[in-house]
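# Structural description and commentary
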Amino acid sequence: MTPDAAAPPVKPVAPPKLNPVRVPIVEEPVAARTTDFREVLHAYSKEDAVLEAKRCIQCRRPWCVEACPITQDCREYIRLIADGDFDGAARVTLRENPLATCLCKVCYHYCEDSCVVKKKGVPIAIRHLKRAALEYGNSDLAYVPSKPKQQRVAVVGAGPAGLMMAWELAVRGYSVTVFEQEKRYGGLMQTIPAYRMTDADVETDRKRFRELDVTFVDGTKVGREFPFDKLVKEDGYQAVFISIGTPSHRSLSVPGENLPGVLPALDFLKDVNHGVPVKVGKEVVVIGGGDVAMDSVRTALRESHGGRVTLVYRRSRAEMPADPEEVHGAEHEGIRFLFLKAPLRIVGTHRVEGLVVQGMELGPPDAGGRRSPVPIPNSEETIPCDTVIVAVGQKADMTGFGPELDLKLTSQGWPEGKGKGFETAVPGIFAAGGRSVVYAMGSAMDAADAIDAYLSAKRGETAPPRPDPLGGTEAFHRPAGYTAPIRV
Ligand SMILES: Cc1cc2nc3c(=O)[nH]c(=O)nc-3n(C[C@H](O)[C@H](O)[C@H](O)COP(=O)(O)OP(=O)(O)OC[C@H]3O[C@@H](n4cnc5c(N)ncnc54)[C@H](O)[C@@H]3O)c2cc1C
Ligand code: SF4
Ligand code: SF4
């Protein structure tokens, strides 16, 4: 008898069964939620979170982690939730994600787009499970700094990129000062309506920075209050990270834009969030097709107290860049959508009385692959309205950041360095940002490695990976099975 013949037959391992149906998240009923700014999506109950986590098949190759711009080990926190270990899940979440309280509510969850379960049904609710980890596990942890390195870094701008950079460097032992022109932190997250997240979420995340050597300086616009290069030449910072984002609004550039009743979306959203009185009428038109437009229509609906809100977009629904979840939310709340209409002028005597639009049809695709709108002759019409909210994009304010930096302005407006790790043309000065909260954080993560390498070289050392920010012994590493980043 040969040894082979004696061996027991190998049983084929059945592939794990995919459960395509997601455990639903409870939503506030439309009639109630559109009367105020209460949170629309509720957290999973503990039991539902465990049920949902059990749908994850714990792929050997973690597609979800590869698609997360900050390499959040979501596969691991899901495994811990499935085992009922919420404290462990909270720790894993916070280990790689210093803005987890914000992201568990507003992340566009690129991880879910890559989840294998999506091939058969609805992907694992990775973002909602992050929230469950933080709500039911111990998330009141404090980040722990490494031994001080006696080197100082200035960060300009306290949006997601700036906050990520402050965390990355402070846990490695650098002393960081963050300069912010506003009185509040979080950058554009301050404009996200309270029915999705609030400033308090930013503060919950920032509270975990309490033991780090990070000094926050608010109300200081670098480049206007003092020249930008003073930071290095006089104040002794050895590296600077510019994360100034896109705080200014783009205008429509049509006649009538200065009439009372025309509101830039960023100012409108920020004022509503911070309790500044905003005059919204009963017939509101919002111009735009992105996420800012979606937040504007839904906020205007709540502020109009029973008024009608219409979205005007110059392409068709298929070309709308807004997150489908937000579009669905707006539709559900009764927003009227008018597609293929481009604004020509805003009319009115003392205040807005109407928006004149031109009908459009779709022509060939533009450089970005989206079909371009082409005007239809003699198709003008006037949409009667008393308020127009303009949500057609944001831009950076480059005051004080000169040509010596050779910054690139991205298609969505934020400036970034052209060199490795987002270094600018001036050694030691880096600049980055991002198209979403987690992408901005991902860019800061890359830039932090470059700044650490730059400052370590000054000390004659090589930079090790980021240490465990919660004081453990294991430094940052990609989880088992990780191959390469997937960019969604
Ligand atoms: C209404 C709205 C809703 C959004 N919803 C989502 C969402 O649901 N999910 C998501 O992932 N993303 C969302 N985004 C996008 C997301 O907010 C941005 O991609 C992200 O904030 C970019 O981060 P950042 O750090 O690059 O820049 P920013 O957030 O723009 O932060 C830059 C910071 O720098 C400060 N600053 C600028 N110049 C100076 C200066 N000279 N001196 C000092 N400080 C300065 C600014 O005041 C600001 O605080 C939304 C954006 C908007 C406007
Ligand atoms: S941070 Fe966003 S992309 Fe990353 S795992 Fe969490 S939800 Fe997914
Ligand atoms: S890709 Fe989906 S199923 Fe696979 S580990 Fe990630 S969350 Fe679980």
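Details of the structure are given in the entry above.
A brief report on the enclosed structure follows.

## Points about the overall build of the protein chain
Across its full length, the protein chain holds 16 helices and 17 strands. Each principal axis of the C-alpha distribution contributes one length, and for the protein chain these read about 95 × 65 × 45 Å. Considering only contacts within the protein chain whose residues lie at least 6 apart along the sequence, 71% involve residues at least 24 apart. Split by element, the accessible area of the protein chain, about 21,700 Å² in all, is 54% carbon and sulfur.

## Re the environment of Leu41
Position of Leu41 relative to the elements: it lies in the loop between α2 (30–33) and α3 (46–53). As for Leu41 and His128, which are separated by 87 residues in sequence, their C-alpha atoms are 9.5 Å apart. Filtering out sequence-adjacent residues up to four positions away, Leu41 remains in contact with Ile25, Val26, Glu27, Arg127, His128, Arg131 and Glu325.

## Points about the site of ligand 3
In the vicinity of ligand 3, the contacting residues are Cys56, Ile57, Gln58, Cys59, Cys64, Arg75, Ile78, Cys115, Val116, Val117, Ile124 and Ile126. Looking at the shell around ligand 3 residue by residue, the classes come out as ten nonpolar, one polar and one charged.

## Structural notes on the state of the cysteines
Two cysteines form a disulfide when their sulfur atoms are joined by a covalent bond. A full pass over the atoms with the stated rule returns zero disulfides. Of the cysteine sulfurs around Cys102, a residue in no disulfide, the closest is that of Cys104, at 8.1 Å.

## What about helix α6 (residues 86–96)?
For α6, a buried count of eight out of eleven residues is recorded, marking the element as mostly surrounded by other parts of the structure. Contacts from the buried residues of α6 go to α3, α5 (74–82), α7 (100–106), α9 (126–136) and α10 (160–171). Two to three positions downstream of the cap, the backbone nitrogen of Gly88 sits 2.8 Å from a side-chain oxygen, assigning the N-cap of α6 to Asp85.

## Observations concerning the nonpolar core
One finds Met165 and Phe241 to be the most contacted residues of the largest nonpolar core, which totals 56 residues. Counting residues per element, the ones that place at least two in this core are α6, α7, β1 (152–156), α10, β2 (175–179), β4 (239–242) and α16 (437–458). Of all the elements, α16 adds the most residues to this core, at twelve residues. In this structure, Met165 is in contact with Val155, Phe241, Ala444, Ala447, Ala448 and Ile451, ignoring residues within four places of it in sequence. Residues Ala53, Cys59, Ala82 and Ile124 belong to the second largest nonpolar core, which totals 30 residues.

## What about helix α14 (residues 291–304)?
Since one α-helical turn is 3.6 residues long, residues separated by three or four positions face the same way. Between its terminal C-alpha atoms α14 stretches 20 Å, which fits the 20 Å expected from 14 residues at 1.5 Å a residue. The element α14 is extensively covered by neighbouring structure, given that twelve of its 14 residues are classed as buried. For α14, every residue scored as buried is listed here: Asp291, Ala293, Met294, Asp295, Ser296, Val297, Arg298, Thr299, Ala300, Leu301, Arg302 and Ser304. At the exit of α14 stands His305, carrying a positive phi of roughly 45°.

## Quick notes on the sheet that holds β2
The five strands lie next to each other as β3-β2-β1-β4-β17, forming an open sheet whose pairing is parallel. Each end of this open sheet is capped by a strand with a single partner; those strands are β3 (214–217) and β17 (429–431). Strand-to-strand, the axes of this sheet are offset by a mean angle of 15°, without reference to chain direction. Of the strand pairs in this sheet, β1 and β2 are connected by five bridges, and their pairing is parallel. Opposite Val155, over in β2, you have Val178 as the bridge partner. Lying over the sheet, α10 contacts β1, β2, β3 and β4, oriented at roughly 170° with respect to β2.

## Details of the pairing of β4
Judged by which residues are buried, β4 turns out to be covered on both faces: Ala239 and Phe241 on one side and Val240 and Ile242 on the other are all buried. For β1 and β4, the ladder comprises four bridges, and the chain directions are parallel. In the strand pairing of β4, Val155 is matched with Phe241. Both β4 and β17 contribute to a ladder of three bridges, which runs parallel. Note on β17: the bridge partner recorded for Val240 is Ile429.

Definitions and limits used
- The residue numbers shown here count from 1 along each chain, following its written sequence.
- Both sets of labels track the order of writing: A upward for chains, 1 upward for ligands.
- Local features in this predicted model are restricted to residues of pLDDT 70 or higher, and side-chain atom pairs are both shown and tallied only at a pLDDT of 80 or more, whereas totals for entire chains, interfaces and linings draw on every residue.
- With hydrogens and water stripped out, all remaining heavy atoms of the structure feed into the side-chain values.
- We count a stretch as a helix when DSSP gives it H or I for four or more residues in a row; a strand needs E for two or more, and each element gets its number in order from the N terminus.
- Two residues qualify as a contact provided that any one of their heavy atoms is within 4.5 Å of a heavy atom in the partner residue.
- Per-residue and other accessible areas were derived by the Shrake-Rupley procedure at a 1.4 Å probe size, with only the shown protein chains allowed to occlude residues.
- A cutoff of 4 Å decides nearness: a residue is near a molecule or strand if any of its heavy atoms lies inside that distance of it.
- In this classification, the charged set is Asp, Glu, Lys and Arg, the nonpolar set is Ala, Val, Leu, Ile, Met, Phe, Trp, Tyr, Cys and Pro, and all remaining amino acids, among them Gly, are polar.
- Note on terminology: disulfide denotes any pair of cysteine sulfur atoms within 2.5 Å.
- Each residue gets one of three labels from its accessible area relative to the maximum for its type: buried under 20%, exposed over 50%, partly exposed in between, using a 1.4 Å probe on protein chains only.
- Polar contacts, as counted here, are pairs of nitrogen or oxygen atoms within 3.5 Å of one another; within protein the pair requires one atom able to donate a hydrogen and one able to accept it, and residues that are adjacent in sequence qualify only if both atoms are side-chain atoms.
- Here the nonpolar core consists of buried residues drawn from Ala, Val, Leu, Ile, Met, Phe, Trp, Tyr and Cys, with membership extended through side-chain atoms lying within 4.5 Å.
- The span expected for a helix works out to 1.5 Å for each residue beyond the first.
- One requirement defines pairing of two strands: DSSP has to find at least two bridges between them.
- In this analysis, axes come from line fits to C-alpha atoms, helices being fitted only over the stretch in contact, and the angle between any two N-to-C directions falls in the range 0 to 180 degrees.

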